[in-house]
Amino acid sequence: MAETRRRAGGAGRSAVLIPYGWLVLFFLLPFLIVLKISLSATAIAQPPYTPVFDPSAGLAALKEFLADLSFDNYAQLIADRLYLFSYLRSLEIAAVSTVILLVLGYPVAYGMARVARRWQGLLLVLVILPFWTSFLIRIYAWVTILQHDGLLNQALVALHIVDAPLTWLATDTAIYIGIVYSYFPFMVLPLYAALEKMDESLLEAAANLGCPRWKTFWLVTLPLSRPGIVAGVLLCFIPIVGEFVAPDLLGGSSRQMIGQTLWTEFFANRDWPAASGVAAVLLLLLVVPIVIYQHQQARELEGA
Amino acid sequence: MADEVEIRQETDRGGAKLGFAPWADPAARPLVRFDAVTKRFGETRAVDALSLDIFPGEFFALLGPSGCGKSTLLRLLAGFEAPSEGRVLLDGTAIDAVPPHRRPVNMMFQNYALFPHLTVEGNVAFGLKQEGRPRAEIAARVAEMLALVKLAPLARRKPHELSGGQRQRVALARSLVKRPRVLLLDEPLAALDKQLRGETQFELMELQARLGTTFVIVTHDQEEAMTVAHRMGVMDRGRIVQVGTPAEVYEQPNSRYVASFVGDVNLIEGRLAAVGPSGLLIDSTVGAKLATNQRVEADVGATVWVTLRPEKLRVATAPPAANENCVSGHVAEIAYLGNVSLYKVRLDNGFMMKAQLPNLTRVVERPIGTNERVWLSWTPDAGVVLTG
Ligand SMILES: Nc1ncnc2c1ncn2[C@@H]1O[C@H](COP(=O)(O)OP(=O)(O)OP(=O)(O)O)[C@@H](O)[C@H]1O
Ligand SMILES: [Mg+2]
């Protein structure tokens with residue numbers, strides 16, 4: 001008995017190692033490399049920064065290497081308001097898009113979870129269907145829809161809703177359309193998963209206890225779908241903050257999102273250290289709240 | 001609360017003998033009336049032209065096999081289903097137009113349906129909050145209800161931190177705290193082990209007697225129905241086939257279906273041979289002539305069935321004096337059940353009869369062993385003659 005438990009414990013431990021190993025290999029290590037580059041200075045060289053870490057050069061070289069690292073890039077990030085504005089704009093677009101996604105996605109997920117079971121599979125496929133074409137192609141498709149003589153304007157004029165074509169491209173509206181469209185499945189799927197497993201008899205119990213339907217939604221359905229809401233919001237908000245394609249192809253050039261700033265630093269200016277600094281700050285900005293949230297969730301579960 | 005609760009003295013459920021028998025009083029007004037109610041799901045008739053009256057303060061049990069429409073009947077009363085035909089009346093008024101959340105009927109669900117995101121307290125308070133009661137009153141009534149079901153120390157727990165029995169109590173408290181006119185219980189004890197189920201049955205009876213609330217309980221455990229209920233209704237495929245006190249249903253079943261569903265029974269087929277002033281004489285398929293002191297709506301020559309409960313048979317190792325109401329065979333099997341022993345006797349023509357004897361002493365060796373020849377006999381008032 002004790003034997004089997006110990007073996008199960010061993011198996012459990014090695015099973016846990018797999019995700020951690022994955023994280024170390026594909027997240028922590030690359031992040032450390034980026035962090036290191038962000039502490040370097042630009043150079044006209046290959047790679048385009050110094051110092052370069054050379055493990056074979058011995059201890060003295062290592063000391064010199066460490067001495068050469070500096071926080072100059074981070075000082076620059078703070079000094080130049082451009083970066084701050086980019087971060088704020090990214091957060092704003094991500095926040096607004098996520099709210100729109102939640103407001104649009106919730107009724108869709110709710111409806112999917114409530115229709116007869118034989119329709120649910122079909123609806124799921126329909127939600128996932130856009131993934132079968134490339135993300136880039138879908139955003140380009142939006143360009144053709146939103147351009148001056150595009151489908152949207154043609155339709156609006158034909159239906160006499162507007163007299164002359166409107167400007168869609170290069171506006172924030174276009175960015176929101178592109179982002180909301182692209183991330184829709186990421187919001188709907190976790191919400192659907194949470195709503196679908198909810199016990200129907202809970203709604204009957206609420207009605208039985210004198211709760212009208214609309215109120216049952218606020219008192220029972222919504223709180224019980226909270227894990228789905230949290231997952232959907234995180235799944236959308238985090239990548240949208242770093243979104244590049246939609247703002248670049250659909251948005252205007254006046255105010256950049258942080259992903260665009262990063263792209264400019266990296267490809268246009270070939271300033272790898274500055275780009276790495278931008279990336280490292282972005283990551284901290286996103287990871288810290290998530291970790292705090294998770295910590296709280298875990299505590300709540302234990303405390304309960 | 002104490003002064004609102006009318007303490008009813010009689011808690012005996014055996015029959016109408018203790019005075020509480022509104023169903024026998026033509027002037028009594030039923031609290032719940034199903035008036036020729038039919039509920040169809042596609043082709044299935046889950047409830048089929050069913051009429052039933054339930055009286056204020058009654059503890060009514062619905063008994064029947066799985067799928068016979070018990071839950072549907074409760075759901076019709078709670079308003080989760082609308083009748084396809086007929087009406088449901090509460091206190092003499094049709095309530096078909098009243099939505100579920102406005103009905104003064106609370107239900108304890110088969111799976112409890114506790115809100116997982118609320119504490120025990122939150123679950124019990126939920127219904128009172130919907131009524132918009134003042135905070136202080138809600139707190140007081142919740143505390144009182146939790147004390148009643150002995151859950152006060154667990155008030156802050158979430159449902160997933162409770163045992164099955166504790167969850168069942170929360171569900172009960174939650175459905176009672178609103179002081180409903182009718183409490184519906186859908187197999188409330190099905191998830192409990194036998195011991196706990198027995199205890200809870202008595203607690204339910206006590207609670208019902210103290211509160212005076214009308215309880216309608218659904219169960220497919222006939223012992224449970226007989227234990228708790230004033231009256232029980234036996235259902236078969238959407239219809240109520242017999243309604244009566246447990247004693248009436250057990251001792252006077254009106255059909256072979258009821259006789260064999262409620263309790264253990266020997267069913268003997270026969271032909272009505274003679275109708276005399278003191279009873280009937282029946283030629284049975286087990287060889288013996290059966291005499292009963294019953295009357296029956298049938299002509300001589302008609303096929304009838306005699307039901308005999310196993311505990312009403314005498315088992316003897318020598319032939320009794322009379323040769324009516326007596327059959328003979330060999331003991332095929334003996335089941336020792338602790339308080340009683342069940343004898344399965346194979347008659348000479350192969351028919352199996354069950355007889356039950358109380359174990360009066362602790363002697364393990366039985367006076368009658370397997371394969372021994374025995375005579376089973378009974379008095380003329382032991383059997384019930386049925387025509388269907
Ligand atoms: N929503 C529904 N749709 C279709 N058929 C249903 C529905 N609800 C119940 N039925 C059918 O109606 C009949 C009665 O069901 P009901 O749930 O009332 O049975 P029950 O007596 O409560 O059974 P159990 O003891 O198993 O709970 C069954 O044949 C069932 O299949
Ligand atoms: Mg049922």
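Residues numbered from 1 in each chain as written. Chains lettered and ligands numbered in written order. Predicted model: local features only at pLDDT ≥ 70, side-chain atom pairs only at ≥ 80, totals over all residues. Heavy atoms only, no water.

Residue and element names in this part refer to chain A. Approximately 390 Å³ is the volume attributed to the second largest pocket. In terms of lining, the second largest pocket is formed by 16 residues, of which the most central are L203, E204, A207, R213 and T216. Elements supplying a minimum of two residues to the lining of the second largest pocket: α4 (81-114), α9 (200-208) and α10 (213-224). Looking at side-chain class alone, the lining of the second largest pocket contains nine nonpolar, three polar and four charged residues. (1 Å grid on protein atoms, 1.4 Å probe; cavity = no way out; pocket = protein on both sides within 12 Å on 5 of 7 lines; lining within 4 Å. Points joined across faces, edges and corners; volume = space filled by probe spheres on them. Helix = DSSP H or I, 4+ residues; strand = E, 2+ residues; numbered from the N terminus. Nonpolar A, V, L, I, M, F, W, Y, C, P; charged D, E, K, R; others polar.)

All names here are of chain B. This structure, assessed with the given rule, holds three cavities of 30 Å³ or more. Approximately 40 Å³ is the volume attributed to the second largest cavity. Lining the second largest cavity, in full, are Y250, E251, P253, T307, L308, R309, K312, A382 and V384. Residue assignment for the lining of the second largest cavity shows that the elements contributing at least two residues are α7 (246-251) and β14 (303-308). Both domains that furnish three or more residues to the lining of the second largest cavity are identified here as domain 1 (2-104 + 180-256) and domain 2 (264-386). (Domains from an automatic or database assignment.)

We now examine unusual backbone geometry. Generally, phi is negative for residues other than glycine and the peptide bonds are trans, each holding for most cases. Residue A:Q46 is joined to A:P47 through a cis peptide bond whose omega torsion reads -5°. Within the secondary structure layout, A:P47 lies in the loop between β1 (41-42) and β2 (49-50). Going from A:T50 to A:P51, the amide bond is cis rather than trans, its omega being -5°. Residues other than glycine seldom take positive phi values, yet B:Y112 does so here, at roughly 75°. Within the secondary structure layout, B:Y112 lies in the loop between β6 (105-108) and α2 (120-130).

Turning to the confidence of the model for chain A, a few remarks are in order. Averaged over all residues, the pLDDT of chain A equals 88, while 94% of them reach at least 70. Throughout residues 1-5 of chain A the model reports pLDDT below 50, and contacts reaching past four residues in sequence, or to other chains, amount to zero contacts. (pLDDT = per-residue confidence, 0-100. Contact = heavy atoms within 4.5 Å.)

A separate point is the site of ligand 1. Residues and elements named next belong to chain B. Lining the immediate environment of ligand 1, one finds 13 residues, of which S66, G67, K70, S71 and T72 sit closest. Separating an oxygen atom of ligand 1 from a backbone N or O atom of C68 is a distance of 3.2 Å. Here ligand 1, which alone exposes 630 Å², has 61% of that area covered by the protein. Among the elements of the structure, β2 (44-54) and α1 (70-78) are those that each provide at least two residues to the shell around ligand 1. Take the shell around ligand 1: its biggest share by element is three residues, from α1. (Near = heavy atom within 4 Å. Polar contact = N/O pair within 3.5 Å; in protein donor to acceptor, adjacent residues only side chain to side chain. Areas by Shrake-Rupley, 256 points an atom, 1.4 Å probe, with all protein chains shown as cover.)

Residue and element names in this part refer to chain B. Across the sheet, which stays open at both edges, the five strands sit in the order β13-β12-β11-β14-β20 with antiparallel pairing between neighbours. One side of each edge strand has no neighbouring strand; the edge strands of this open sheet are β13 (289-292) and β20 (384-386). Averaged over all adjacent pairs, the angle separating strand axes in this sheet is 40°, with direction ignored. Bridge count between strand β11 (residues 266-276) and β14: six bridges; the pairing is antiparallel. Bridge pairing links L267 to T307 in β14. (Pairing = 2+ DSSP bridges. Axes fitted to C-alpha atoms, helices over the stretch in contact; angles between N-to-C directions.)

Residues and elements named next belong to chain B. Here chain B is described as being made up of domain 1 (2-104 + 180-256) and domain 2 (264-386). Relative to domain 2, the C-alpha centre of domain 1 lies at a distance of 34 Å. At the junction of the two partners, domain 1 supplies seven residues and domain 2 supplies eight residues. Note on domain 1 versus domain 2: buried area summed over both sides is about 730 Å², and carbon and sulfur give 53% of it. Three residues, Y250, P253 and R256, lead the burial of domain 1 against domain 2; their summed loss comes to 72% of the area buried on that side. The tally of links from domain 1 across to domain 2 stands at one salt bridge. A salt bridge links E251 to K312; the nearest nitrogen and oxygen atoms lie 3.1 Å apart. The interface formed by domain 1 and domain 2 holds three residue pairs in polar contact (both at pLDDT 80 or more) in total. When residues in the side of domain 1 that touches domain 2 are grouped by element, the largest group, three residues, is from α7. Classifying every residue of the side of domain 1 that touches domain 2 gives three nonpolar, two polar and two charged. (Buried area = accessible area lost by both parts, 1.4 Å probe. Salt bridge = Lys/Arg side-chain N within 4 Å of Asp/Glu carboxyl O.)

Here the focus is the pattern of salt bridges. Where charged atoms from two side chains of opposite charge come close, those side chains can pair. Applying the stated criterion across every chain yields a total of 27 salt bridges over all chains. Salt-bridge contacts for A:R89 lead to A:D172; the nearest nitrogen and oxygen are separated by 2.8 Å. Of this pair, A:R89 sits in helix α4 while A:D172 sits in helix α8 (residues 172-196); the two residues are 83 residues apart in sequence, bridging distant segments of the chain. A residue is classified by how much of its surface remains accessible, and A:R89, at 6% relative accessible area, is buried. Residues participating in the shared-partner salt-bridge network are B:E131, B:R133, B:E137, B:R141 and B:K178. (Buried < 20%, exposed > 50% of the residue type's maximum accessible area, 1.4 Å probe, protein only.)

Turning our eyes to something else, we now look at α9(A). With eight of its nine residues buried, α9(A) lies for the most part within the structure. Among all positions in α9(A), only A:S201, A:L202, A:L203, A:E204, A:A205, A:A206, A:A207 and A:N208 are buried. Summarising the contacts, the buried residues of α9(A) are in contact with α4 and α10 of chain A together with α1, β6, α2 and α4 (164-176) of chain B. Positive phi shows up at A:G210, right after α9(A), with a value of about 95°.

The next thing to look at is the interface of chain A and chain B. On the side of chain B, 21 residues touch chain A, which itself brings 18 residues to the contact. Of the roughly 1,800 Å² buried between chain A and chain B, counting both surfaces, carbon and sulfur atoms make up 61%. Taken as a group, A:E204, A:N208 and A:L209 account for 39% of the area that chain A buries against chain B, more than any other trio of residues on that side. Across the pair A:E204 and B:R75 runs a salt bridge whose closest N-O atoms are separated by 2.7 Å. For the pair chain A and chain B, the number of links is nine residue pairs in polar contact (both at pLDDT 80 or more). For the side of chain A that touches chain B, the elements supplying multiple residues, two or more each, are α9 and α10 of chain A. If one sorts the elements of the side of chain A that touches chain B by residue count, α9(A) sits on top with seven residues. A class-by-class count of the residues in the side of chain A that touches chain B yields 12 nonpolar, three polar and three charged.

Residue and element names in this part refer to chain B. In a regular helix each residue adds 1.5 Å, so 14 residues correspond to 20 Å; helix α3 (residues 135-148) covers 20 Å between its end C-alpha atoms and thus fits that length. Every buried residue of α3 is listed here: I138, R141, V142, M145 and L146. Summarising the axial view, the buried residues of α3 lie within an arc of 135°, below the 170-degree limit, and thus occupy one face. Among the structural elements, α2 and α4 are those in contact with the buried residues of α3. Phi turns positive, to about 60°, at K150, one or two residues after α3. (Expected span 1.5 Å × (residues − 1). Arc of directions from axis to C-beta.)

Moving on, we come to the sheet that holds strand β16 (residues 326-336) of chain B. Residue and element names in this part refer to chain B. Taken together, the five strands give an open sheet; going across it, the order is β15-β19-β16-β17-β18, and neighbouring strands pair in antiparallel fashion. Every interior strand has two partners, whereas the edge strands, β15 (314-316) and β18 (352-358), have only one. Strand-to-strand twist in this sheet, taken as the mean axis angle between neighbours without regard to direction, amounts to 45°. Direction of pairing for β15 relative to strand β19 (residues 373-377): antiparallel, over a ladder of three bridges. Looking across to β19, one finds that V315 is bridged to L376.

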